[in-house]
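# Coordinates in review
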Amino acid sequence: MRVLELEVPIADVELAADRLWSAGAQAVEECTPREGRVCLRTVLAADHDQSSRRLGPLGSNWTLTHVDVDDEPTQTWREFATPVEISPTLVIAPAWQPPPPAVAGRLTVVIEPGGAFGLGDHPTTRLSAAAVERLVPLRGRVLDVGCGTGVLAIIAALNGAGATVAVDIAEAAVEATVDNAQRNGVQRAISVSTTGVDVLDGQFDLVVANVLAPALVAMAPHLRRLTSAAGSLVISGLLADSYDRVAQSLAPMLVQRVDLLDGWAAVELIHP
């Protein structure tokens, strides 16, 4: 299979790893470095262009390449994957393992990440999933921007959203979302496509966007437009100490709530 290799200066390795996780990496491997540099290897999307778009602008002196590797070692993480508890009433479980024991009142969402996306254990996904579970019972139409595996759209549909739209620039994300929607029995409740937010019509009672900060800033006018007057916008993919700039780009929307987990943030905004 083809994997992405991101080579960065040693001083940037933590920042680079965070960028890869935020862009949807399911596992990050450190490969043999050159002197003064570190190489990080992962899978983000089916080809180089899609991976580059998901990763966003590169840091200074960062180098991005793709290489062919044997499939088997890159899949060993699947043996150790475990269900992710989002809340006492919501669990995300790997599709290839036996489901967790049924618990009254607890919803289990079954996800197959495929080769390009994470299971749902990254802090930004966990924060976003918790926000969707909390807000959907009060909302009608839901929009999931940068849907990846479709887990957030699926949670919305299973929690009773009136209609759910999921979009992503990557074809692999559309395929993964369709597959997982079928796996969870909500394929008729979710509309999935590569439609850009700049051409989406209508408004949504809940908009959730778990993508990189530069993409959020670029999409800010459309995220505002697509959020209904009484609706909520939830953004994530943000480091806990640097979400202010993104929130400011969404003004005059107001920060209603900030949730933090392991150095990451999810921010809920509303119209004034």
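See above for the structure.
Report follows, based on the coordinates. Treat the numbers as computed from the prediction; the structure is a model and nothing was measured.

Thresholds applied
Residues numbered from 1 in each chain as written. Predicted model: local features only at pLDDT ≥ 70, side-chain atom pairs only at ≥ 80, totals over all residues. Heavy atoms only, no water. Core = buried A, V, L, I, M, F, W, Y, C linked by side-chain atoms within 4.5 Å. Buried < 20%, exposed > 50% of the residue type's maximum accessible area, 1.4 Å probe, protein only. Helix = DSSP H or I, 4+ residues; strand = E, 2+ residues; numbered from the N terminus. Polar contact = N/O pair within 3.5 Å; in protein donor to acceptor, adjacent residues only side chain to side chain. Pairing = 2+ DSSP bridges. Axes fitted to C-alpha atoms, helices over the stretch in contact; angles between N-to-C directions. Contact = heavy atoms within 4.5 Å. Salt bridge = Lys/Arg side-chain N within 4 Å of Asp/Glu carboxyl O.

## Notes on the nonpolar core
- Among the nonpolar cores identified, the biggest contains 30 residues, and Val109, Ile111, Val132, Val136, Val151, Ile155 and Ile190 are the most heavily contacted of them.
- By residue number, the principal contributor to this core is helix α5 (residues 151-158), which donates seven residues.
- Core analysis: the next-biggest nonpolar cluster, separate from the first, contains 27 residues, Met219, Ala220, Ile235 and Leu250 among them.

## Remarks on the side chain of serine 236
- On the secondary structure map, serine 236 appears in strand β12 (residues 227-239).
- A polar contact is formed between the side chain of serine 236 and the backbone oxygen of alanine 265, at a distance of 2.9 Å.

## Section: the sheet that holds strand β7 (residues 107-111)
- On the basis of which strands lie adjacent, the open sheet formed by three strands has the order β5-β6-β7 and mixed pairing. Both outer strands of the open sheet, β5 (84-87) and β7, are each paired with one neighbouring strand and no more. Pairwise comparison of adjacent strand axes, ignoring direction, gives a mean angle of 25° for this sheet.
- Strand direction decides the pairing type here: strand β6 (residues 90-94) and β7, joined by five bridges, are parallel. Each residue of the ladder has a partner; that of isoleucine 92, found in β7, is valine 109.
- On the sheet, helix α4 (residues 123-135) packs against β5 and β6 and is oriented at approximately 40° with respect to β5.
- Of the strands in this sheet, β6 and β7 are in contact with α5, which crosses β7 at around 145°.

## With respect to the pattern of salt bridges
- One pass over the structure, following the stated rule, counts five salt bridges.
- With a closest N to O distance of 2.7 Å, arginine 37 and glutamate 7 form a salt bridge. Residue arginine 37 is located in strand β3 (residues 37-42), and its partner glutamate 7 is located in strand β1 (residues 2-9); the two are separated by 30 residues in the primary sequence. Of the two residues, arginine 37 and glutamate 7, both sit in the buried class.

## Thoughts on the sheet that holds strand β14 (residues 264-270)
- Reading across from one edge, β10-β9-β8-β11-β12-β14-β13 is the order of the seven strands in this open sheet, with mixed pairing throughout. Of all the strands in the sheet, the pair left with one neighbour each is β10 (190-193) and β13 (254-261). Strand-to-strand twist across the sheet, computed as the mean angle between neighbouring axes with direction ignored, equals 15°.
- As judged from the six bridges shared by β12 and β14, these two strands associate in the antiparallel manner. Note that in β14 the partner of isoleucine 235 across the bridge is valine 267.
- Its contacts with the sheet place α5 against β8 (141-145), β9 (163-167), β10 and β11 (204-210), and it is angled at close to 180° to β9.
- Along the sheet, helix α7 (residues 213-226) contacts β8, β11 and β12; its crossing angle with β12, the most-contacted strand, is approximately 175°.

The values are spatial; any link to function lies outside them.
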